[in-house]
Amino acid sequence: AVLGRLMGLPLNSRHPMLGSVSGKHRSPVKGSALEFSQYRKYVPGDDTRRLDWRTWGRTDRYYIIEFEADTNLRLCFIADTSGSMGFQSDSMNRLEYARCLVGTLAYLTIHQGDAAGLYAGAKSAIGNTFQQELPPKRGALHMGVLLDQIAQMRSGGETALIEAIHAAAEKIPQRAMIVIVSDLLFDLDPLQEAFDRLRFRKHDIVLFHLLDREETDFNFDRPTRFLDLEGNQSLLADPSLIQRKYREAVTAYLNQVDQIVNHAVVDYHRAFLDEPYEQVLARFLMGRNPKTARSAR
């Protein structure tokens, strides 16, 4: 039902992409298409079929007509599967919400003829490895494999999102759309460098930041034992004594997130687990549609 409602919203890239086949997304490569790009002077070896004979008749000079080439999109998911992604205060935990986001967006991407892949993992006893690693491909067969990999994602271990971003940057040499799904519950300082590395490679960066209302509102009214889902340590605290300081810390944390994503020009979406994931995806897709984005402005 969700797919049926979202199918009419295409996924568009904000930046020119480098794909392997013809598609609907802008490419930095000039080629043959319907949309005019520019004129340039003829050089030996150019295709004479693209000469502008009208300009030659007026100026007695040879000019080549260039068009915007269109290509396909390669979308790569980087999913945080650390222990804190298993947090749950309502009907759906954070990782289940991430599976819904990633699975739906992957289906829509491949359905429109583009490629999608997955890089997911957390720190483990054998090092910073990907729990799942599936390079982006197209086609119905690959979509089935990708959805199986998404369903198999499990939360556990310490956060390794920064390491995962750097590792994925090495594995994705050509520009692509990088969709990161995480709770960002770690030291944020190295995140700026990780985003800058993706920007240097001209990737289109998207970040879905998953939070729970209990984490931001902190409306506990009795002494509570808080458990660290990544380190198994616990802390007994009286919320009435720490509530004000806690909310101040959360505000500072969210402000730091905003500063980092604004500096890195990241397409940032803060999603709370009590918001239907369909609404989050619809807002994301509509924001990338030039027509709906213009009408909204």
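Computed from a predicted structure; not experimentally measured.

A.B. asks: Whenever I open this one, the side chain of N93 confuses me. Can you help?
C.D. replies: Positionally, N93 belongs in the loop between β3 (74-80) and α3 (94-111). Assessed through its relative accessible area of 14%, N93 is described here as buried. Here the side chain of N93 touches L95 through a polar contact of 3.0 Å, landing on its backbone nitrogen. Each residue touching N93, except ones within four places of it in the same chain, is listed here: M85, G86, F87, Q88 and L273.

A.B. asks: Would you explain the nonpolar core in this entry?
C.D. replies: As a rule of thumb, nonpolar side chains are buried together in soluble globular proteins. In terms of nonpolar packing, the biggest core is built from 39 residues, with F77, L105, V179, F208 and L210 touching the most fellow members. Looking at this core, the elements with two or more residues in it are α1 (2-6), β3, α3, β4 (115-124), α4 (140-151), β6 (177-182), β7 (204-211) and α9 (277-287). Looking at this core element by element, the count peaks at 9 residues for α3. If we skip the residues at most four places from it in the chain, L210 touches M85, R94, Y97, A98, L101, V181, S182, D183, A271 and L273.

A.B. asks: Looking at this model, I keep getting lost on the environment of G156. Mind explaining?
C.D. replies: Position of G156 relative to the elements: it lies in the loop between α4 and α5 (161-171). Sequence separation between G156 and G83 is 73 residues, and the spatial gap between their C-alpha atoms is 3.8 Å.

A.B. asks: So what exactly am I meant to see when it comes to the confidence of the model for the chain here?
C.D. replies: Caution applies to low-pLDDT regions: their predicted coordinates should not be interpreted in detail. When the pLDDT values of the chain are averaged, the result is 84; 80% of them are 70 or greater. Per-element confidence in the chain ranges from a low mean pLDDT of 48 for strand β1 (residues 25-41) to a high of 97 for β7. Segment residues 19-23: pLDDT under 50, and 14 contacts once partners within four positions in sequence are set aside and those in other chains are kept. Within the model, pLDDT remains below 50 along residues 25-37, and this stretch shows 52 contacts once partners closer than five positions in the same chain are excluded.

A.B. asks: Hey, could you run me through the packing of α3 against α9 in this one?
C.D. replies: Pairs of packed helices are described in terms of their axes, by the angle between the two and the distance that separates them. Where α3 meets α9, the axes come as close as 10 Å, and the angle between the chain directions of the two elements is 45 degrees. Put simply, α3 runs oblique to α9. When the axes of α3 and α9 are compared, the crossing they make is right-handed. Between α3 and α9, the contacting residues are Y97, C100, L101, T104, L105 and L108 on the first element and Y277, V280, L281, F284 and L285 on the second. Looking at the contact of α3 with α9 residue by residue, the classes come out as 10 nonpolar, 1 polar and no charged.

A.B. asks: Would you take a moment to explain helix α8 (residues 239-263) for this structure?
C.D. replies: Because each turn of an α-helix spans 3.6 residues, side chains separated by three or four positions end up pointing in the same direction. Spanning 25 residues, α8 covers 34 Å between terminal C-alpha atoms, matching the ideal 36 Å at 1.5 Å per step. The largest bend in α8 comes to about 30 degrees, at K245. Next to the buried residues of α8 lie α6 (189-200), β7, α7 (213-217), β8 (224-227), β9 (234-237) and β10 (267-272). Where α8 terminates, the next one or two residues include V265, which has phi positive at roughly 55 degrees.

Reading the values: rules and limits
- Residues numbered from 1 in each chain as written.
- Predicted model: local features only at pLDDT ≥ 70, side-chain atom pairs only at ≥ 80, totals over all residues.
- Heavy atoms only, no water.
- Helix = DSSP H or I, 4+ residues; strand = E, 2+ residues; numbered from the N terminus.
- Buried < 20%, exposed > 50% of the residue type's maximum accessible area, 1.4 Å probe, protein only.
- Polar contact = N/O pair within 3.5 Å; in protein donor to acceptor, adjacent residues only side chain to side chain.
- Contact = heavy atoms within 4.5 Å.
- Core = buried A, V, L, I, M, F, W, Y, C linked by side-chain atoms within 4.5 Å.
- pLDDT = per-residue confidence, 0-100.
- Axes fitted to C-alpha atoms, helices over the stretch in contact; angles between N-to-C directions.
- Parallel < 35°, antiparallel > 145°, perpendicular 65-115°, else oblique.
- Left-handed = near helix turned anticlockwise from the far one by under 90°.
- Nonpolar A, V, L, I, M, F, W, Y, C, P; charged D, E, K, R; others polar.
- Expected span 1.5 Å × (residues − 1).
- Bend = angle between axes of the 7 residues up to and from the residue.

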